[in-house]
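Spelled out from the first residue to the last, the chains are:
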Amino acid sequence: MPRDHRPVKCVRVLLAEDQGMMRGALALLLGMEEDLEVVAQVGSGDAIVDAALLHRPDVALLDIELPGMSGLDAAAELRRQAPDCHVLILTTFGRPGYLRRAMEAGAAGFLVKDGPVEELAEAIRRVLTGERVIDPALAAAALSAGPSPLTARECDVLKASVDGATVADIAGRLHLSESTVRNYLSSAIGKTGTRNRMEATREARQQGWL
């Protein structure tokens, strides 16, 4: 249906995706649905909240791994600043830990990117009715995996340890003592069943805990 002949009430969609080609393709495909309109496109997590406040979308379609703020952090911020906007996470990485974190952040749905656009369009419509739309295979995996064993502080220390940061660097960033940082790192390594902090960080990311 030509854009000028759309229904008076279209579902307004914000699209957050860092890959320009993917973002453009999704916007084009969703725009072909007669009742959907992509009103904003952003390529970084830091731009999501401002775009939502400016364009007032009904649904925010967010990738997880974005430059700046992650899609999960942005979902939590949207719940505070734009509570009428429904969040639907769309990601390449179907990790059980990500699903749990998305639900905790207030997301209304979680889908992986390998599905047909018709299913995505239908998911957008369904979350507007108050439904939660979750990829069935991922939901089953999340239930079997259980919650993250890491505390919030252990996650903070692992995140701060990337890029070759020393214990002193981490302590300075997080305003902790070096001995406290070592204790958190040791605990995280033990909980992830790994040999060092690099392996612990990698395992935590693979599980979607970070």
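Residues numbered from 1 in each chain as written. Predicted model: local features only at pLDDT ≥ 70, side-chain atom pairs only at ≥ 80, totals over all residues. Heavy atoms only, no water.

Participant: An account of empty space enclosed by the protein is requested, with residue identities and associated values reported.
Facilitator: One pass over the full model with this rule turns up two cavities of 30 Å³ or more. For the second largest cavity, the calculated volume is near 30 Å³. If you trace the second largest cavity, you find it lined by L15, A16, E17, L26, L61, L62, D63, L90 and K113. For the lining of the second largest cavity, the elements supplying multiple residues, two or more each, are strand 1 (11-16) and strand 3 (59-62). Tallied by class, the residues present in the lining of the second largest cavity amount to six nonpolar, no polar and three charged. (1 Å grid on protein atoms, 1.4 Å probe; cavity = no way out; pocket = protein on both sides within 12 Å on 5 of 7 lines; lining within 4 Å. Points joined across faces, edges and corners; volume = space filled by probe spheres on them. Helix = DSSP H or I, 4+ residues; strand = E, 2+ residues; numbered from the N terminus. Nonpolar A, V, L, I, M, F, W, Y, C, P; charged D, E, K, R; others polar.)

Participant: Let's hear about helix 3 (residues 71-81): which residues, and what values?
Facilitator: For helix 3, the set of buried residues is G71, L72, A74, A75, A76, E77 and L78. Its buried side turned inward, helix 3 meets helix 2 (48-55), strand 3, strand 4 (86-91) and helix 4 (96-104). (Buried < 20%, exposed > 50% of the residue type's maximum accessible area, 1.4 Å probe, protein only. Contact = heavy atoms within 4.5 Å.)

Participant: I'd like to hear about the sheet that holds strand 3, residue by residue, with values.
Facilitator: If you trace the six strands from one edge of the open sheet to the other, you get 2-1-3-4-5-6, paired in parallel fashion. Every interior strand has two partners, whereas the edge strands, strand 2 (36-42) and strand 6 (133-134), have only one. Relative to strand 3, strand 1 runs parallel, the two sharing four bridges. Bridge pairing links A16 to L62 in strand 3. Lying on the sheet, helix 5 (residues 117-128) is in contact with strand 1, strand 2, strand 3, strand 4, strand 5 (109-112) and strand 6; it crosses strand 4 at an angle near 155 degrees. (Pairing = 2+ DSSP bridges. Axes fitted to C-alpha atoms, helices over the stretch in contact; angles between N-to-C directions.)

Participant: Mind laying out the side chain of T194, listing which residues take part and the relevant values?
Facilitator: Its place among the elements puts T194 in the loop between helix 9 (178-192) and helix 10 (197-207). Within the local environment of T194, its side chain forms a polar contact with the side chain of T192, the two groups lying 2.8 Å apart. When residues no more than four places from it in sequence are discounted, the contact partners of T194 are I189, E199, A200 and E203. (Polar contact = N/O pair within 3.5 Å; in protein donor to acceptor, adjacent residues only side chain to side chain.)

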